[in-house]
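# Summary of structural features
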Amino acid sequence: MRHRIGTLRVFHENEVKHIRHSEETVNLRPGDIFETFDHICEWDEDCVSFEKCESWRGEGDPLCDAALRDVFDSASSSVGKELLSTLEEHSASEAVQAFLNEVHQTPPAGILASDEEVALAQEFFLDNSIQIMQALLHYSLAGGFASPRIVATLEAVSYLVPHVQKDSEASPSADLSAILGNISKASTDRTFSRLSETFQFVLDVMGCFASPTPVYPISNKFGDKHRNEDHERPSPIEDCSDVSYLMPGGEGWNSTVRVRLLHGIARWRVQERWDREGHAQAGVPISQEDMAATLAAFSTVPIWCLNRLGMAPSPASASAYLALWRHVGFYLGVSPPILLRHFRDTRAADKFLATAALHLFSPPSPSTSSSSSSSPSSSSSSSAPPPSAQHALRHGPTIPILLAVSNRAPLHNTLAHNLALTTHLLGPALAAHLRLPRAPLRARLRVHAVLALQRAAHAFARCYPRAAWRAKRRAVLREGIVRSVRWNLGQRRTTFRPRTMRGAREGGGDGDGHGDEGGELAPGVSKEEVVARAPVRAKVLARMWSEVLMEEVAVCAVAGVLGVGVGYVALVCAVRGCMG
């Protein structure tokens, strides 16, 4: 099934150009209709050309990189450090001061989100939180991060992907069972922990906090290490309904800048490893192309998935959601010209994502392959699966991510279910490009049944007029999702500290002793970030949620009874009318 991007001119089917590689865009002219990965759109100035992506690939985040290199001797020396506070302690450094000055600026007009946009974006997120988190997991992370270029970066830093031993690399036709056999339980748990940290970042920028009081860093000198949260009232939605929490000093801003610094450390690690192993890649790791595409994956992909599921948001809600992420993108280090041009509205963002994804998922061109000994060849015939796609399936994050979230509370979905849902959201073309194995029929049917229930619940929430019920639902989701993510993290709130590197046993970490695989928390981090349990508050939230669900079920039952009664009366009247 094709999904139209933007408004298309009238065209004949034989005019559609089927684009399979980014380099083919050099031949497109304004007004051309093209199709890529089940998306069909019209080429114009909002589309991203091959040349533009290549130029972005050489641009990174120089201010961030310079500040980190001025403070730390090496990337490994940053393990376990809270990066933002560490830089603030070295603010006398010229490079650090330049970075801090930049992140303390107010975003320029056209990027700065308004209070109204933030409030509407938050309501939109809470009303569609299940579907948005579902889209981020199964499309943005499991699918989007399987791009050959992003896989190379993830593999270099062992982020979201397990380290693949050389003997497993020798099998270019590895099937799903072979891939699963190469992933340990410890690796799966680390992947799940990283995913939970990513979701905490999303919740932070959406203004979802469990309490109005900042809970980190937790330090003995403040005497609050074992604070009991049962006595904290939940922060009402109005506490974060303006843009202030996303401005310098706010909780959302803190998380955003920390993630930006974490990307800087990852960029440093990748460059160090490539230099050490002699596997230099074209461009800069975590480049402007990668950062902009990732921003689109968090801002635009959820809108695409909602449309695909038949839960299309209003234009105002979609625009507000994009505006909030555009604001966040400024502090994440995405170039302002990119934000102003390609994230100015939903139409431009849609075309950006469709064309940027084509570039990211295209196998390396012969010229690029020849410049890197580690790049896969692109000389295979069109009928054979692209080597880069085979590499992404065997080495990329798709299967590890889906395995990491399988058979976990509260849903306990199987790997087959998660695979079927990912395939459904990605669409047949992109799923086939990534060589995802086909899920069993039973799993596919179950996915469609679950999505049908989601659509029914979504329709009820949108149509039910009682404002108090909607406010209660939002309040429970806003706090409940946060506490659920904390629980998944082992009752801690991450401050996005660099983890251990593969091959370096940094004290064994806080994990299971497999520090040589990388990705462990540094010693003491779990205690630094611990958050006290709140069983009383959890019971209150559970009761509130049950009340929300019972009211929904009761209203639907009453409406069903009334519908049957009205139908019966109408039928009786019709029969009597015919007999009379």
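Since the model is a prediction, treat every value here as computed from it, not as a measurement. (Residues numbered from 1 in each chain as written. Predicted model: local features only at pLDDT ≥ 70, side-chain atom pairs only at ≥ 80, totals over all residues. Heavy atoms only, no water.)

## A look at the pattern of salt bridges
Evaluation of the coordinates by the stated rule reveals 30 salt bridges. Note that Asp-65 and Arg-267 form a salt bridge whose closest N and O atoms lie 2.5 Å from each other. With Asp-65 in helix α2 (residues 62-71) and Arg-267 in helix α11 (residues 251-277), this residue pair connects regions lying 202 residues apart in the sequence. For the pair formed by Asp-65 and Arg-267, the shared burial category is buried. Linking Arg-537 and Glu-479 is a salt bridge whose minimum nitrogen-to-oxygen distance equals 2.8 Å. In this pair, Arg-537 sits in helix α25 (residues 535-579) while Glu-479 sits in helix α23 (residues 467-488), placing the two residues 58 residues apart along the sequence. Sharing partners across several salt bridges, the network here consists of Asp-44, Asp-46, Arg-344, Asp-345, Arg-347 and Lys-351. (Salt bridge = Lys/Arg side-chain N within 4 Å of Asp/Glu carboxyl O. Helix = DSSP H or I, 4+ residues; strand = E, 2+ residues; numbered from the N terminus. Buried < 20%, exposed > 50% of the residue type's maximum accessible area, 1.4 Å probe, protein only.)

## Notes on the nonpolar core
Core analysis: the largest hydrophobic core is formed by 130 residues, its most contacted members being Leu-87, Phe-99, Phe-125, Leu-261 and Trp-325. For this core, the element with the highest residue contribution is helix α14 (residues 315-332), accounting for ten residues. If sequence neighbours within four positions are ignored, Trp-325 has contacts with Phe-201, Val-202, Val-205, Met-206, Leu-295, Phe-298 and Ser-299. Listed in part, the five residues of the second largest apolar core include Phe-460, Tyr-464, Trp-469 and Val-548. (Core = buried A, V, L, I, M, F, W, Y, C linked by side-chain atoms within 4.5 Å. Contact = heavy atoms within 4.5 Å.)

## A word on the environment of Thr-495
Its place among the elements puts Thr-495 in the loop between α23 and α24 (525-528). Between the alpha carbons of Thr-495 and Val-525 there is a distance of 9.3 Å; along the sequence they are 30 residues apart. Of note is the side chain of Thr-495, whose polar atom sits 2.8 Å from the side chain of Arg-497. (Polar contact = N/O pair within 3.5 Å; in protein donor to acceptor, adjacent residues only side chain to side chain.)

## What about the confidence of the model for the chain?
Predicted confidence across the chain gives a mean pLDDT of 84, with 83% of residues reaching 70 or more. Least confident of the elements in the chain is helix α8 (residues 166-169), whose mean pLDDT is 46; most confident is α14, at 98. Confidence drops under pLDDT 50 across residues 166-173; counting only partners more than four residues distant or on other chains, this segment forms nine contacts. In the model, residues 367-389 has pLDDT below 50 throughout and makes 35 contacts with residues more than four positions away in sequence or in other chains. (pLDDT = per-residue confidence, 0-100.)

## Description of the pairing of strand β4 (residues 39-42)
Neither face of β4 is open: one carries His-39 and Cys-41, the other Ile-40 and Glu-42, and all of them are buried. Alignment of strand β1 (residues 3-5) against β4, held across three bridges, turns out to be parallel. Counterpart to His-3 in the pairing with β4 is His-39. Across four bridges, the pairing between strand β3 (residues 33-36) and β4 is antiparallel. From the neighbouring strand, Glu-35 faces β4, where its bridge partner is Ile-40. The turn joining β3 and β4, which pair antiparallel and follow one another in sequence, is formed by two residues; a positive phi near 50° is taken by Phe-37. (Pairing = 2+ DSSP bridges.)

## Comments concerning the environment of Asn-488
Mapping Asn-488 onto the fold places it in helix α23. A residue is classified by how much of its surface remains accessible, and Asn-488, at 23% relative accessible area, is partly exposed. Discounting chain neighbours no more than four positions away, the residues touching Asn-488 are Phe-192 and Ser-196.

## A word on the sheet that holds β4
If you trace the four strands from one edge of the open sheet to the other, you get β1-β4-β3-β2, paired in mixed fashion. Every interior strand has two partners, whereas the edge strands, β1 and β2 (17-18), have only one.

## Let's talk about the side chain of His-342
Positionally, His-342 belongs in helix α15 (residues 336-342). The class for His-342 is buried, based on a relative accessible area of 2%. Leaving out residues up to four positions away in the same chain, His-342 has contacts with Asp-46, Val-48, Lys-52, Trp-56, Ala-348, Ala-349 and Phe-352.

## Notes on the side chain of Ser-317
For Ser-317, the position within the fold is in helix α14. Assessed through its relative accessible area of 12%, Ser-317 is described here as buried.

## Remarks on the packing of aromatic side chains
Each aromatic ring pair is summarised here by two numbers: the centre-to-centre distance and the angle between the ring planes. Enumeration according to the criterion identifies 13 aromatic pairs in this entry. Ring centres 5.1 Å apart and planes at 80° place the aromatic pair Phe-330 and Tyr-331 in the edge-to-face group. Each member of the pair, Phe-330 as well as Tyr-331, is classed as buried. Pairing Phe-460 with Trp-469 gives two aromatic rings, centres 5.3 Å apart and planes at 85°, and the pair type is edge-to-face. Since its relative accessible area comes to 12%, Phe-460 is described here as buried. (Phe/Tyr/Trp six-rings, centres within 6.5 Å; stacked < 30°, edge-to-face > 60°.)

## So, helix α4 (residues 94-103)
Within α4 the residues assigned to the buried category are Val-96, Phe-99, Leu-100 and Val-103. Mapping the buried residues of α4 onto a view down its axis gives an arc of 95°, with all of them on the same face. Against the buried residues of α4 lie α2, α3 (83-89), α11 and α14. Measuring from the side-chain oxygen of the N-cap residue of α4 to the backbone nitrogen of Ala-95 gives 3.4 Å; that N-cap residue is Ser-93. (Arc of directions from axis to C-beta.)

## A word on the environment of Val-157
Its location among the elements puts Val-157 in helix α7 (residues 148-157). A relative accessible area of 16% means that Val-157 is categorised as buried. For the pair Val-157 and Met-501, spaced 344 residues apart in the sequence, the C-alpha separation amounts to 7.0 Å. In this structure Val-157 touches Ala-266, Arg-269, Val-270 and Arg-273, once residues within four positions along its chain are discounted.

## Considering the pairing of β3
Here β3 shows a buried face lined by Ile-33 and Glu-35 and a second buried face lined by Phe-34 and Thr-36. Here β2 pairs with β3 via two bridges, running parallel. Considered in β3, the bridge of His-18 is made with Glu-35.

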